[in-house]
Amino acid sequence: MHALHDVALPDDLEPFVPAVIEIPRGSKLKYEIDKATGMLVLDRVLYSSVHYPANYGFIPRTHADDGDPLDILVLMQEPVEPLTIVRARALGGLKMRDDKGEDDKIVAVCIDDPAFAHYTELEHLPPHLMLELDRFFRDYKLLEGKESVVDRPYDRGTALGVMRAARAAYRDPR
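Right, let's walk through the structure included here. Just so we're clear, the structure is a prediction, and the values are computed from it rather than from any experiment. (Residues numbered from 1 in each chain as written. Predicted model: local features only at pLDDT ≥ 70, side-chain atom pairs only at ≥ 80, totals over all residues. Heavy atoms only, no water.)

### Describing the overall build of the protein
Helix and strand counts for the protein come out as two helices and eight strands. Starting at the N terminus, the α and β elements of the protein follow one another as β-β-β-β-β-β-β-α-β-α. Taking 174 residues into account, the globule formula puts the C-alpha radius of gyration at 16 Å, and the protein, at 15 Å, falls close to it. Here the C-alpha coordinates of the protein stretch approximately 40 × 35 × 30 Å along the principal axes. By the burial criterion, 49% of the 174 residues in the protein qualify as buried. Residue pairs at least 24 apart in sequence account for 67% of intrachain contacts in the protein once pairs closer than 6 positions are excluded. Total accessible area computed for the protein in this model is approximately 8,500 Å², and 53% of it derives from carbon and sulfur atoms. Across the protein, the mean location of the 22 positive side-chain charges is 1 Å away from that of the 31 negative side-chain charges. (Helix = DSSP H or I, 4+ residues; strand = E, 2+ residues; numbered from the N terminus. Rg over C-alpha atoms; globule rule 2.2 N^0.38 Å. Buried < 20%, exposed > 50% of the residue type's maximum accessible area, 1.4 Å probe, protein only. Contact = heavy atoms within 4.5 Å. Areas by Shrake-Rupley, 256 points an atom, 1.4 Å probe, with all protein chains shown as cover. Lys, Arg positive; Asp, Glu negative; His and termini not counted. Charge placed at Lys NZ, Arg CZ, Asp CG, Glu CD.)

Shown next, in the form of structure tokens:
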């Protein structure tokens, strides 16, 4: 089974999407899915004294502007083992720019975690949580000599549009 190509993406993205977790919350290890084999590859160990503030992965059968599957941060109580599929509801997202170009990060909650399942919009989250996500993406590449620019968070409707566009790009890669 290939996590990028073989995990079904539902037609209706609003209730939840399957999120394939690459990096557990709290990790300094940056894994990425290898598109050819479906295996996880260690991309790097973060240079900065920061760690991933949420479980981080991708939405299968999507193709984002950076050429990779669409990134997703899944907020929940516990770190999740890599290559676990988590049912995640999008609340909004962050657009960032770095040395590789523009990149969207969908912010979601695990619908099976009772501490987070009730959240439906970004503005419902504790304000400090969004500050942590923003700060992480601004800082995590600094000691590598790379800059990351993070735009203001966007809402659930925009996130669903980004997800639909990434699904369409996967279906018709041109």
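### Some points on the packing of aromatic side chains
Scanning the entire structure with this criterion turns up seven aromatic pairs. Note on Tyr52 and Tyr56: the rings are 5.3 Å apart at their centroids and 50° apart in plane angle, and the pair reads as tilted. Pair check on accessibility: Tyr52 and Tyr56 agree, each one buried. (Phe/Tyr/Trp six-rings, centres within 6.5 Å; stacked < 30°, edge-to-face > 60°.)

### A word on the side chain of Arg89
Mapping Arg89 onto the fold places it in strand E6 (residues 85–98). Of the side chains bearing the opposite charge, Glu121 lies closest to the buried Arg89, which forms no salt bridge; the N-O distance is 8.3 Å. (Salt bridge = Lys/Arg side-chain N within 4 Å of Asp/Glu carboxyl O.)

### Comments concerning the pattern of salt bridges
Note on pairing: side chains with opposite charge can pair once their charged atoms come close. Tallying each qualifying case throughout the model produces 15 salt bridges. Here Asp151 and Arg97 are joined by a salt bridge, their closest N and O atoms 3.0 Å apart. Of this pair, Asp151 sits in the loop between strand E8 (149–150) and helix H2 (156–171) while Arg97 sits in strand E6; the two residues are 54 residues apart in sequence, bridging distant segments of the chain. Close ionic contact of Asp134 with Arg138 constitutes a salt bridge, the shortest N to O distance being 2.5 Å. Of the two residues, Asp134 and Arg138 are both situated in helix H1 (residues 127–139); the distance of four residues between them amounts to about one turn of the helix. A relative accessible area of 18% means that Asp134 is categorised as buried.

### Observations regarding the layout of surface pockets
Empty space among the atoms can be located by rolling a probe the size of a water molecule over them. Roughly 290 Å³ of internal volume is contained in the largest pocket. Lys30, Glu32, Asp66, Asp68 and Asp71 are the residues nearest the centre of the largest pocket, which is lined by 20 residues in total. With four residues, strand E7 (residues 101–110) is the largest single contributor of residues to the lining of the largest pocket. Partitioned by chemical class, the residues of the lining of the largest pocket number five nonpolar, one polar and 14 charged. (1 Å grid on protein atoms, 1.4 Å probe; cavity = no way out; pocket = protein on both sides within 12 Å on 5 of 7 lines; lining within 4 Å. Points joined across faces, edges and corners; volume = space filled by probe spheres on them. Nonpolar A, V, L, I, M, F, W, Y, C, P; charged D, E, K, R; others polar.)

### Some remarks on the side chain of Asp139
Looking at the secondary structure, you find Asp139 in helix H1. Asp139 gets classed as buried once you look at its relative accessible area, which sits at 19%. The residues contacting Asp139, other than those within four sequence positions of it, are Ser48 and Val50.

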